[in-house]
Amino acid sequence: MPENMTHVPYYPGCTLKSKALGYERSAMDCARSLGFEMHEIEKWNCCGASFPLTKDNLMGLTAPTNILIETEQHCKERDIDAKLITLCSFCYNTLKRTDFAFREEPGKLKTLNEFLNREYKGNVTVIHYLEYLRDVIGFDNLSKMVKTDLSHLRVAPYYGCLLLKPQKELGLDDPEEPVILHDFLDALGCQVIDFPGQVDCCGAYLIMRNPDKVLELSHNILEEASEYGAQTIVTACPLCQSNLDQSEAVRGEMPILYFTQLLAVALGLETEQHQFESHCIDPKSLISSCKKFKEFSDAK
Amino acid sequence: MQINTENNQAAIRDLEIATGETISDCYQCGKCTAGCPASMDPSPSLLIHLLKLGLFTKAVNSASIWDCMACLTCSERCPKNVSPAAIIEGLKRIHLNNMEPEINLNSLGQEFLAHSTQQAVVSGFRKFV
Ligand code: SF4
Ligand code: SF4
C-alpha cells in the first residue's frame, strides 16, 4: 500500500454492512487504487435512514448528531480534515441535512448537545463518494486510470431521489437534470444512456407497505431505460438497487450495479469479493464481456 | 384509525408549528401533484386545499397520506416554497403519535425481512410505526 494514501473518515451505515456489502467492498478497493483509504469511524450507530421532515422532530436528529460527534472526535485525534465520506444515499441525505439544520438554526444544535450531553461543534463536511471522485480525484484524472475497455457498454445512470433532493441543502447536483453520474460513466469510457426516468422515485420504503406499487414504479424506470437502449443501470443507493433488482427479476434480465462495482471493473481490479452474485440479476456475463486494454492485459 | 378533531383551526395551527410550514402560502398551482409519482388520491395539492378550507379532519383521515414515499419531488418543485412532503409527514405523525401503527409488523413475515435492505426497514419503521 502506498504510504501517502489520504486518510478519509467513512460512515458506512447499516445496509452497507449487510445487504450491500459488495457496494462497500468495491468502493474501498477502488479508493485504495485511487490513492485514498476510507477509515470507518470507530463508534457509529444507524443514522435513522430518513431525515425527519417535520421541523419539531428533534428526536430524529439524535442518531445523526451522534455520528457527527464521533466523526469530529475521529478527526481531532488524527489532526485531519473533518470530511466524512458516505456511500448510501439515505445516510448521505440524513447526515448532510442534519448538519445543514444546525448551520441554519444554531438553537437546535444547542438543544441537541444539551440533550445528548456531548458536543457537536459543527465542523463536519458530509460528502458523497461521487463528490470525492469529482472534486478531489477529478473525472479527467479518473479517465486516465481506466484499464478496461467499456466502450461497448450502454449504461444508464440512475440517481433516484435522496442523492439530489433537497438541492438547497445537499448541493451535489441539479435535481432535475443531474450530470455527476453521467460524467462519471463518461470518464470510465462507457456509452452513457441518458433517459428521463433517471430521477424518478423507485418506491423507496413503500416496499414495506405496498410492494406492488414499488414493483410498478421500478418497472417503469427499467422499461424506459431498456427502451433507450441501456444494458445495465448504475445507482448509488442500496434501496434503489434492491427495488429495481427485485422488479427486474420479474420483468427481464438487466443487471443493476452499484457505480463502484463498475468502477472496480474499469480500474481492472479483482472483483471476486464484490458480491455480484448477491444481485437477483447476475451481472457476470456483462462483466466478463469487459476486457482489459492490451497494454494492461498481460500485467494481470 | 380515524382521528376526531374538535377544533379544526387549532389542529391546523398545531400542524403548522410542528412542520414549520405555512398552509396559506400554497396558491394551488398543482405543480406538486403533477410531479407526484405516488398516484395519491387525494393528491398532495388537494390535501393542502382541504387544510386551506379548514377541513383538517378530512385531510388527516385521508388514506393517501400513507402512499407518499417522501421522494421530495413536490417540495423541490413548489414555486411557493411549501413542502407538501413535510405537511404529509406531519399528518402521518398525528396518527402515529396515537400509537396506532399503520402496518402490522407481524404480517411482514420472514421473507420480507430476509430480502429487504436495512434502510427500508428502518425508514418504514419511521414512517409507518
Ligand atoms: S406546488 Fe406548492 S403552491 Fe403549488 S399546489 Fe403544490 S404546495 Fe401549493
Ligand atoms: S414526497 Fe410524497 S407527495 Fe411529494 S411528490 Fe413524493 S410521493 Fe408525492
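Residues numbered from 1 in each chain as written. Chains lettered and ligands numbered in written order. Predicted model: local features only at pLDDT ≥ 70, side-chain atom pairs only at ≥ 80, totals over all residues. Heavy atoms only, no water.

Opposite the 40 residues of chain A that make contact, chain B presents 41 residues. Taken together, both faces of the contact between chain A and chain B bury some 3400 Å²; the carbon and sulfur share is 60%. The largest share of the area that chain A buries against chain B comes from Tyr205, Met208 and Arg209 of chain A, three residues that together contribute 26% of it. For the interface between chain A and chain B, the tally reads four salt bridges. Here glutamate 176 of chain A makes a salt bridge to arginine 77 of chain B, at a shortest N to O gap of 2.8 Å. For the pair chain A and chain B, the number of links is 16 residue pairs in polar contact (both at pLDDT 80 or more). Sorting the residues of the side of chain A that touches chain B by element identifies helix 3 (89-104), helix 9 (211-227) and helix 10 (238-251) of chain A as the ones contributing at least two each. Examining the composition of the side of chain A that touches chain B, we find that four residues originate from one element, helix 10 of chain A, more than from any other. Taken together, the residues that form the side of chain A that touches chain B break down as 21 nonpolar, 11 polar and eight charged. (Contact = heavy atoms within 4.5 Å. Buried area = accessible area lost by both parts, 1.4 Å probe. Salt bridge = Lys/Arg side-chain N within 4 Å of Asp/Glu carboxyl O. Polar contact = N/O pair within 3.5 Å; in protein donor to acceptor, adjacent residues only side chain to side chain. Helix = DSSP H or I, 4+ residues; strand = E, 2+ residues; numbered from the N terminus. Nonpolar A, V, L, I, M, F, W, Y, C, P; charged D, E, K, R; others polar.)

What follows deals with helix 2 (residues 62-78) of chain A. All names here are of chain A. Taking 1.5 Å per residue as the helical rise, helix 2 with its 17 residues ought to reach 24 Å, and the 25 Å between its terminal C-alpha atoms agrees with that figure. Counting buried residues along helix 2, 13 of its 17 residues qualify, which places the element largely inside the surrounding structure. Count one or two residues on from helix 2 and you reach aspartate 79, which has phi positive near 55°. (Expected span 1.5 Å × (residues − 1). Buried < 20%, exposed > 50% of the residue type's maximum accessible area, 1.4 Å probe, protein only.)

Moving on, we get to the domain arrangement of chain A. Residue and element names in this part refer to chain A. Taken domain by domain, chain A consists of domain 1 (6-129) and domain 2 (138-296). The straight-line distance from the C-alpha centre of domain 1 to that of domain 2 is 24 Å. The interface of domain 1 with domain 2 comprises 25 residues on the first partner and 28 residues on the second. Of the roughly 2400 Å² buried between domain 1 and domain 2, counting both surfaces, carbon and sulfur atoms make up 68%. Close ionic contact of glutamate 169 with arginine 97 constitutes a salt bridge, the shortest N to O distance being 2.9 Å. Where domain 1 meets domain 2, there are eight residue pairs in polar contact (both at pLDDT 80 or more). Every element with two or more residues in the side of domain 1 that touches domain 2 is listed here: helix 1 (21-34) and helix 3. (Domains from an automatic or database assignment.)

Let's shift gears to unusual backbone geometry. With an omega of -5°, the peptide bond between lysine 165 of chain A and proline 166 of chain A qualifies as cis. Here proline 166 of chain A is to be found in the loop between strand 6 (154-157) and helix 7 (167-170). Non-glycine residue alanine 70 of chain B carries a positive phi angle of around 50°. As for its placement among the helices and strands, alanine 70 of chain B is situated in the loop between helix 4 (56-60) and helix 5 (73-77). A residue is classified by how much of its surface remains accessible, and alanine 70 of chain B, at 12% relative accessible area, is buried.

Okay, the environment of threonine 271 of chain A next. Residue and element names in this part refer to chain A. Take threonine 271: it is sitting in the loop between helix 11 (259-266) and helix 12 (284-288). Residue classification places threonine 271 among the buried residues on the basis of a relative accessible area of 17%. Distance in space between the C-alpha atoms of threonine 271 and aspartate 29 is 9.0 Å, their sequence separation being 242 residues. Aside from chain neighbours lying at most four places away, what touches threonine 271 is Ala264, Val265 and Phe276.

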